[in-house]
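# Tertiary structure, described
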Amino acid sequence: ELLEDLAREKEKLLRTIEEKRLALLEKKQALLDELKVKDPDLEREIEELKKKVERYNTTPTSTPSESLSRNSLPLVPLRKKDGTIINTLYHTHPAE
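So, here's what we can say about the structure. (Residues numbered from 1 in each chain as written. Predicted model: local features only at pLDDT ≥ 70, side-chain atom pairs only at ≥ 80, totals over all residues. Heavy atoms only, no water.)

### Some remarks on the overall build of the chain
Going by this rule: Each helix is a run of H or I in the DSSP string that is no shorter than four residues. Each strand is a run of E no shorter than two, and both are numbered from the N terminus. Only protein chains enter the accessibility calculation, which uses a 1.4 Å probe; a residue is then buried when its area is under 20% of its type maximum, exposed when over 50%, and partly exposed in between. Any two residues having at least one pair of non-hydrogen atoms within 4.5 Å are treated as being in contact.
Assigned secondary structure in the chain consists of three helices and two strands. Reading the helices (α) and strands (β) of the chain from amino to carboxyl end gives α-α-α-β-β. Residues classed as buried in the chain amount to 10% of the 96 residues present. Long-range contacts, defined as pairs at least 24 residues apart, comprise 56% of the intrachain contacts of the chain with a sequence gap of at least 6.

Listed below in structure tokens is the structure:
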């Protein structure tokens with residue numbers, strides 16, 4: 001649960017960084033427009049960032065376990081010392 005919280009927080013921070021970066025680049029472009037100077041690299045970078053920020057706004061946030069299942073990563077079984085496999089996805093503790 002803590003890892004899921006950290007993953008969500010990291011995603012929020014990355015999103016905020018990209019949004020602020022886009023705002024700064026747009027300000028830089030406005031200054032260049034006032035000077036009547038064109039910068040194709042800057043315009044391309046702004047368009048890429050706009051697309052990236054738009055993807056943040058359109059994609060629902062997912063938990064790390066959901067993203068793992070979507071990526072189809074191979075799972076490695078965990079074994080106890082006696083050789084029995086531990087089911088890590090749905091492991092429940094026996095009632096004592």
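Resuming the write-up.
### As for helix α2 (residues 40-58)
Stated formally: Multiplying one less than the number of residues by 1.5 Å gives the expected span of a helix. Two N or O atoms form a polar contact when they lie within 3.5 Å of each other; inside protein one atom must be a possible hydrogen donor and the other a possible acceptor, and for residues adjacent in sequence the pair counts only when both atoms belong to side chains.
Counted at 1.5 Å a residue, the expected span for α2 with its 19 residues is 27 Å, and the 27 Å between its end C-alpha atoms agrees. Those residues of α2 hidden inside the fold are in contact with α1 (2-34). Measuring from the backbone nitrogen of Asp41 back to the side-chain oxygen at the start of α2 gives 3.3 Å, which picks out Asp39 as the cap.

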